[in-house]
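Summary of structural features
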Protein chains: 2
Amino acid sequence: PDTSGMPAPSEKTAWDFMPEGWIKKDGFETDYHRAEAWQAPEGFQPITQLESARMGITTPQMERVAEREPHLTPEQVRDEVAAGRMVIPANTVHLSHQLDPMCIGRASLTKVNANMGASPVSSGTDEEVEKLHWSIKWGADTVMDLSTGGDLDECRQAIIKNSTVPIGTVPIYSMIIGRKLSDLTHEIILESIEHQAKQGVDYFTIHAGVLRAHLDYVKKRLIGIVSRGGSLLAKWMIDHGEENPMYVLWEQICQVMRQYDVTFSIGDGLRPGGLADATDQAQLAELCTLGELTERAWRQGVQVMVEGPGHVPFDQVEYNMKLQRTICHGAPFYVLGPLITDIFPGYDHITSCIGATSAAYHGASMLCYVTPKEHLGLPKKDDVKQGCIAYKIAAHAADIALGIPGTRDRDDELTKARAALNWEKHFELSFDPDTARAYHDEDLDVDT
Amino acid sequence: PDTSGMPAPSEKTAWDFMPEGWIKKDGFETDYHRAEAWQAPEGFQPITQLESARMGITTPQMERVAEREPHLTPEQVRDEVAAGRMVIPANTVHLSHQLDPMCIGRASLTKVNANMGASPVSSGTDEEVEKLHWSIKWGADTVMDLSTGGDLDECRQAIIKNSTVPIGTVPIYSMIIGRKLSDLTHEIILESIEHQAKQGVDYFTIHAGVLRAHLDYVKKRLIGIVSRGGSLLAKWMIDHGEENPMYVLWEQICQVMRQYDVTFSIGDGLRPGGLADATDQAQLAELCTLGELTERAWRQGVQVMVEGPGHVPFDQVEYNMKLQRTICHGAPFYVLGPLITDIFPGYDHITSCIGATSAAYHGASMLCYVTPKEHLGLPKKDDVKQGCIAYKIAAHAADIALGIPGTRDRDDELTKARAALNWEKHFELSFDPDTARAYHDEDLDVDT
């Protein structure tokens, strides 16, 4: 439901951005939003879920997704993937381990991502694998390994092997380990991406949307560029006097990712870092580039989601969601929060899960959690739990508000248990039964 | 900003519900929304803020309110009060102690209420006074004393004497101490209300909207009546076979409250206790009665705010706010949350502050906090803090979203401090500097 004045949905879908060599059959000139309308190039072998969907093939991963979300049929999943409105981040290598396929897209349940990762001075591989299991226990649907220190390669490998959920990374983080940023070349970028794709990473955040032309807009901001990937690439462009290499190499990156069906999470390197910078020229200019990159990735057969802000006043959240839907033609929007106020450090899991609820209700498909340590330090185990729970609240509340069938059943069962004063059932139906029980037991002596 | 399809604002205000004896002057037949249009009865002495406003008098309390909220002039405050869109809960007795006048209404900042109170088995007067100071420290704009045990009278007296913020109570709680509910008579009700008014209570929650005719609707619910006041009155009506005494005595109650300028917080005894019961026939039927009671209270010169739900799915929050605005002619809406999912006991300060943000953005004027102990036990000191902070987030974020002048300044200052990596200033500008500092210091050894 759109508030009046919001940008209308795009009239295009991924069917409007078919790869070269695909031929629209006669008689399907206007009715081309389905597999029957298209003739793939001779001998074409689909690798990505998007390619299979375009050929009308329902993959085992689509079947599994529909099993996990019974309000969808495998065919609906396939059609959503074909339209570009849904992704199934499932690297073919990770599928050979323990990955349990899931989907991200507005027709499905709202998903939650948890970030983790070792830094140069903390944590190691075992600890990261433990954090992975912990995140999954508390409801993370995907996990991003944002390690910037330790043995990145070994850690990534261990996480992929142990994970039942899709793993995302920001490949540029590892590209600058052991070398100066200014030494980063096109070759190293492509090699690193291929290396991580081969390891089985399911989705890559690539900040290809920050262009040289946008950097002027950033000067007007209170807090410039807060995305690490965005900052690195901005610095690289200034040092080299050249365009963003991720943008320049886009088709080559697509070809590498296609080989393993790695999904894009096109990064928003210019996401606002404070309310004052929200929905500004820099952010909007980049969003237009993200739309262009979406189209180009679809033409290469690669699955796409798009990343979003960040810090956004509550009244601008809907507009941000609707604008992305227009410009990126319905590609799933994966947003970080957004925080709706800046003055509550220590409580940003709350400030941001409010924005996230509204974002999901208005169109975001996946919410990247924020922990209480955001802006202050590195999240520990309990911070991860608090972040996950705040975001499960946001995702679940949005799904109920959107009327996804069956989503309110557990709420109603809990309400009935409450009405019956059935405490045991009340606890069992709670998202975190141990905490609910403990809070109740604190007062056991004084229970009236 | 209304989503299309929402109920339009009422065409009436408190100017349409003037007391008997007030005469509309000639020439003001259609232009009667100001003091100049009216002739008060001869010798009329205003007691309530509403009466003063109707006479065009700017009281010292209105001056103080405008001082505390510089985006309003004293005259604007007066006009909002006269229209019924704003209240200044300031019992004349409490004003003789330390009350610092504040206002509640959509033209002003969003306010937060914290509930506290001793139960039969816990806490005493000293502890309650300590909780009062603690709530105010963490940003409570008003406090409700919901005591149901201990020496209620002494405790209430101590709280009023010590409080700089308005104090609200639910008088029926004390009416049934030492007697059976069925022994409650009209006389006892009026005596108790007069007693508490004389003590200096600033606003009363009176559940006069639950009528006998509504009780049938409650049978269809998953969780019946969850409001304590509502349940007590429903039981009384069933026992006595008579109409709700609060409803029957309304004008007499008004007359008592007028003498001390106690403000109404008309209770929603049929507020939903679970998502499944939200916006149902029982709730809406009661809301219509709340509209009628608002009109009747205005006719007696008494200030009015109206209480609202409770548990409401995220997509129904705006409708609930806009409907109250229509039916209660813009009287300030004071809402409890609402919770937007039921399955997170232990985290209901979060589930509800999301609903509260949306409620405030769409029209609620005051938010009653919910603590992590909601549904589970009695809040302790840290629970009170967590509840207050979650609600300050909601109120502040809504005020920014509504564009109230100056509300984003501190956010922008903090963003600048963040950009400058000025940690000390970052902490200082935080709502809870100690927590922010402690979280940051946890990682001091590993700060990079």
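Above this text you will find the structure in question.
A brief look at the structure comes next. Just so it is clear, the model here is predicted, and its values are computed rather than measured.

**Considering the packing of aromatic side chains**
- Per the stated rule, a full pass over the model turns up 20 aromatic pairs over all chains.
- Geometrically, the ring pair formed by Trp250(B) and Phe264(B) is stacked, given 4.1 Å between the ring centres and 20 degrees between the ring planes. Separated by 14 residues along the polypeptide, Trp250(B) in helix 12 (residues 250-260) and Phe264(B) in strand 9 (residues 263-266) bring together distant segments of the chain. As far as the burial class goes, Trp250(B) and Phe264(B) line up, both buried.
- An aromatic cluster is present here, built from Trp134(A), Trp138(A), Phe431(A) and Phe344(B) joined pairwise through their rings.
- The ring of Trp138(A) is capped by Lys137(A), whose NZ or CZ atom sits 4.9 Å from the centre of that ring.

**Some details on the pattern of salt bridges**
Residues and elements named next belong to chain A.
- Per the counting criterion, the structure on display carries 62 salt bridges over all chains.
- The closest approach of N and O atoms between Arg64 and Asp100, which form a salt bridge, is 2.6 Å. Of this pair, Arg64 sits in helix 2 (residues 60-68) while Asp100 is found in the loop between helix 4 (92-95) and strand 4 (104-105), placing the two residues 36 residues apart along the sequence.
- Residue class for Arg64 comes out partly exposed when judged on its relative accessible area of 25%.
- The exposure class assigned to Asp100 is partly exposed, which follows from its relative accessible area of 22%.

**Section: the interface of chain B and chain A**
- Listed as interface residues are 70 residues of chain B and, on the opposing side, 70 residues of chain A.
- Here chain B packs against chain A, burying approximately 6,200 Å² in sum over the two surfaces, 71% of which is carbon and sulfur.
- At the surface where chain B touches chain A, the tally comes to four salt bridges.
- Among the ionic pairs, Lys373(B) bridges to Glu442(A), the shortest N-O distance being 2.6 Å.
- At the junction of chain B with chain A, the criterion picks out 17 residue pairs in polar contact (both at pLDDT 80 or more).
- For the side of chain B that touches chain A, the elements supplying multiple residues, two or more each, are helix 15 (348-362), helix 16 (381-401), helix 17 (409-419), helix 18 (423-429) and helix 19 (433-442) of chain B.
- In the side of chain B that touches chain A, the residues fall into 33 nonpolar, 20 polar and 17 charged.

**Notes on the relation of the copies chain B and chain A**
- In screw terms, the move from chain B to chain A is a rotation of 180 degrees and a rise of 0.0 Å along the axis, fitting with an RMSD of 0.0 Å. Here the two chains are linked by the operation of a two-fold rotation axis.
- Interface residue correspondence from chain B to chain A reaches 100%, placing this contact among same-surface, isologous pairings.

Cut-off values and rules
Residues numbered from 1 in each chain as written. Chains lettered and ligands numbered in written order. Predicted model: local features only at pLDDT ≥ 70, side-chain atom pairs only at ≥ 80, totals over all residues. Heavy atoms only, no water. Phe/Tyr/Trp six-rings, centres within 6.5 Å; stacked < 30°, edge-to-face > 60°. Helix = DSSP H or I, 4+ residues; strand = E, 2+ residues; numbered from the N terminus. Buried < 20%, exposed > 50% of the residue type's maximum accessible area, 1.4 Å probe, protein only. Lys NZ or Arg CZ within 6 Å of the ring centre and 35° of its normal. Salt bridge = Lys/Arg side-chain N within 4 Å of Asp/Glu carboxyl O. Contact = heavy atoms within 4.5 Å. Buried area = accessible area lost by both parts, 1.4 Å probe. Polar contact = N/O pair within 3.5 Å; in protein donor to acceptor, adjacent residues only side chain to side chain. Nonpolar A, V, L, I, M, F, W, Y, C, P; charged D, E, K, R; others polar. Least-squares fit on C-alpha atoms with pLDDT ≥ 70 in both.

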